[in-house]
Amino acid sequence: MYDFYRVAAVVPDVRVADTVYNVDKIKEKLSELDELDPGIVVFPELSITGYSCQDLFFQESLIISSNEAVEELISFSNEINRLIAVGAPVRYQGRLFDAAFIIFKGEVLGITVKTMIPEHNEFYEKRWFSSADDLDTDMVFLSEIGIEAGEDYEVPIGNNIIYKIGSGVTVGVEICEDLWAPVPPSTWMALGGAELIINLSASNETIAKRDYRKNLVKQASASSICDYVYVSAGRNESTQDLIFSGHSIIAENGAIINENKDFIANDYIMIADMDLGKVKHDRLVNKTFADTAKLYKDIVGSVRLVSLAADELPESDGSYMPVAKLPFIPSSVNKRLKRCNDIFDMQVNGLAKRLRITGCKAVIGVSGGMDSTLALLVAAMATKKLERPMSDLVTLTMPAFGTTDRTKNNATKLIEALGGEVITIDIKEACELHLKAMGHNLEDKDTTYENTQARERTQLLMDYANMVNGLVVGTGDLSELALGWCTYNGDHMSMYGVNGSIPKTLVRWMIDSVVQNDIFPECNEILLDILDTPISPELLPPDENGNIVQKTEDSIGPYELHDFFLYYMMRYGYTPSKIYYLAKKAFKNDYNDDVIKKWMIMFYRRFFSQQYKRSCMPDGVKVGSVSLSPRGDLRMPSDAAVDIWLDEVEAL
């Protein structure tokens, strides 16, 4: 329903050249999988015989015993509704091939044969095995390779086969060294429609090889826009000259979603839930992928699909798929600090280029809130980068009806700590005159009352910029743009927006990283207090104690929910029902289902109705995978109907 499929990377115990023992261990592992219920199960390369048999592969007894073990496994799988990939040697027409048997419910769907046969360093496989390119047929009867599994039938054989059960995931198969080739066979399989690539491997371990292997798998899943399951032989392979580590990796679209933890491992099952929606979406929007398939259409056209339309692989409920509450923010502290530092550099360099090319000074309105604080820090660093004096950083505070002493003082102290001059222009009187001129009752604290303040501030900033040869730096963030939580031609407008692709949940951590990295040490105490201040536009008067009464999230909902909705809508094009399902998983300890649904309705309504504001948003660099710029990532009509999306949410 949601394109979730569960895969199992299984490394059973092995005895080299003991096929009876090995197939028993494979069957044991298959039985253990009943509770985990994966749809696809992958065993290592040559797992029936053991990879490290060497010249024993020339022994008739081993080949016969291997075939008998495969027959036993085929029979055992008769009631198992899983796609099983297991490695075994295949003897055909006087040659020996390193193969993967693809088995489903008592049938062999096909036999994928290894293409790249290494003959270097510690590997001398060409002594025993021939390449798939040496095959002179693409179909073979099981009896021709010594398999007597019930009725004799013909199956596809080669290195260009992809497999599909029903409407589920399309699977391509390659074997160990194939992945190390400049152009792996999986490239053509992926371009031919395979969404999941599985690799049956037996890769020995040496120092630093684990990281290299991990990066190889990660990059393969990224370049082919696919899920990739890599399963390697465990430590009980022969240790005569090498040691095998049992390293298994599951990657999705360029990200590792699971990896076994032990450096040298054996006899385990590793599970992951794949989200094929990510693969399908990125292949849809990535025209280079389709163009490559067209460019190499002759090779891609040779890929053969084996399909069983009458059956279905079980879909997963996604319970083995971690879902982060804050998808824009790395979970580890070190990664988060690096990510934020890199984004800060991008913001700074984008603004510095604009200031350099225009010859202007940065002009910025500082409120004491998080958004304007981040923009001010960026502007200060850009001014430093250009080796200009801090007097070129023009900073205005513009208190009005809702300004509190806390935010005003923080804004003033921050500007002074950065070495700037505080320019304060109280706009209350100007706003009152404006409202009176329109005949607006000053006691009516409506939207007009609020927006008048935002537009007065923008007018002042623009005019002041004219006076000092300045460029107004925008402070609004990605979340505000998504929700349209900005005043048209007020805080919506600037001459360059530095925060336009940074969501609200990330703004907080951006400022925190400035503190943690000690970029402006003299500002740290002030910045921490700003982070502790409630999010508010401060457009309504404070309470009798001078505290903020207008809290943004009370009106439009938690930003962490809106950023979650935004990420999965824009990054992967998910339906509201799928986003809702993921949100319930991610926020199960924070919000009940009705609350999530309530704010999801708010999100879609505002996202569609407020597009007109995004259609004319100012320039600003894109820093992440989600952006709403009308010149880049979102070309959307301002008058599109939201009914389809809202109807789906209402029906949840």
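Residues numbered from 1 in each chain as written. Predicted model: local features only at pLDDT ≥ 70, side-chain atom pairs only at ≥ 80, totals over all residues. Heavy atoms only, no water.

Novice: Sorry if this is basic, but what is going on with unusual backbone geometry here?
Specialist: With the exception of glycine, the majority of residues adopt a negative phi angle, and the majority of peptide bonds are in the trans configuration. Residue aspartate 37 is not a glycine yet carries a positive backbone phi of 55 degrees. Of note, aspartate 37 is situated in the loop between helix 1 (19-32) and strand 2 (40-42). Classification of aspartate 37 as partly exposed rests on a relative accessible area of 37%. One non-glycine residue, glutamine 54, adopts positive backbone phi at about 55 degrees. Structurally, glutamine 54 can be placed in the loop between strand 2 and helix 2 (60-76). (Helix = DSSP H or I, 4+ residues; strand = E, 2+ residues; numbered from the N terminus. Buried < 20%, exposed > 50% of the residue type's maximum accessible area, 1.4 Å probe, protein only.)

Novice: What is the right way to read helix 18 (residues 576-586) from this model?
Specialist: Owing to its 3.6 residues per turn, the α-helix aligns residues three or four sequence positions apart on the same side. Most of helix 18 is tucked away: 8 of the 11 residues are buried. Looking at the buried residues of helix 18, the elements they touch are strand 1 (4-11), strand 16 (268-275), helix 5 (276-285), helix 17 (559-572), helix 19 (593-609) and helix 21 (643-650). (Contact = heavy atoms within 4.5 Å.)

Novice: Would you explain the nonpolar core in this entry?
Specialist: Nonpolar side chains in soluble globular proteins tend to end up buried together. Formed by 90 residues in total, the largest nonpolar core has its most connected members in Leu351, Phe564, Phe565, Leu566, Tyr604 and Phe607. Per element, the largest residue contribution to this core is 10 residues, and it comes from helix 17. Setting aside residues up to four positions removed in sequence, leucine 566 forms contacts with Phe328, Leu478, Ala482, Arg571, Phe603, Phe607, Val626 and Leu628. Of all hydrophobic cores here, the second largest spans 37 residues; its members include Ala69, Tyr92, Phe97 and Tyr153. (Core = buried A, V, L, I, M, F, W, Y, C linked by side-chain atoms within 4.5 Å.)

Novice: Which parts of the structure should I look at to understand the packing of aromatic side chains?
Specialist: For any pair of aromatic rings, geometry is given as the distance between the ring centres together with the angle between the planes. Considering all chains together, one arrives at 23 aromatic pairs under this definition. Among the aromatic residues, ring-to-ring pairing joins Phe328, Phe564, Tyr567, Tyr568, Tyr572, Tyr574, Phe587 and Tyr591 into one connected group. Positioned above the aromatic ring of tryptophan 509 is the side chain of arginine 336, whose terminal nitrogen or guanidinium carbon lies 3.8 Å from the ring centre. Lying across the ring of phenylalanine 607, arginine 614 places its NZ or CZ 4.2 Å from the centre. (Phe/Tyr/Trp six-rings, centres within 6.5 Å; stacked < 30°, edge-to-face > 60°. Lys NZ or Arg CZ within 6 Å of the ring centre and 35° of its normal.)

Novice: Explain the side chain of lysine 578 here, please?
Specialist: If you trace the backbone, lysine 578 turns up in helix 18. With a relative accessible area of 5%, lysine 578 lands in the buried category.

Novice: Would you mind showing me how to read the sheet that holds strand 15 (residues 255-259) here?
Specialist: In any sheet, the strands associate via hydrogen bonds between backbone groups, in a parallel or an antiparallel arrangement. The strand order across the open sheet formed by 7 strands is 15-14-13-12-11-10-17, and the pairing between neighbours is mixed. Edge positions in the sheet fall to strand 15 and strand 17 (304-308), since each of these pairs with one other strand and no more. Averaged over all adjacent pairs, the angle separating strand axes in this sheet is 20 degrees, with direction ignored. Alignment of strand 14 (residues 249-252) against strand 15, held across 4 bridges, turns out to be antiparallel. Paired with isoleucine 250 across the two strands is asparagine 258, which belongs to strand 15. Packing of helix 4 (residues 209-223) onto the sheet brings it into contact with strand 13 (227-232), strand 14 and strand 15, and relative to strand 14 it is tilted by some 35 degrees. (Pairing = 2+ DSSP bridges. Axes fitted to C-alpha atoms, helices over the stretch in contact; angles between N-to-C directions.)

Novice: Sorry if this is basic, but what is going on with the environment of aspartate 643 here?
Specialist: Relative to the assigned elements, aspartate 643 resides in helix 21. The exposure class of aspartate 643 is partly exposed, given its relative accessible area of 47%. For the pair formed by aspartate 643 and arginine 605, sequence separation is 38 residues and the distance between their alpha carbons is 9.1 Å.

Novice: What is the right way to look at the state of the cysteines in this model?
Specialist: Under the criterion given, the structure shown has 0 disulfides. Here cysteine 176 is not disulfide-linked; the sulfur of cysteine 53 is the nearest cysteine sulfur, at 15 Å. Given the relative accessible area of 7%, cysteine 176 is considered buried. Cysteine cysteine 523 shares no disulfide, and the gap to the nearest cysteine sulfur, in cysteine 340, comes to 17 Å. (Disulfide = S-S within 2.5 Å.)

Such coordinate-based values are descriptive only and should not be taken to indicate function.
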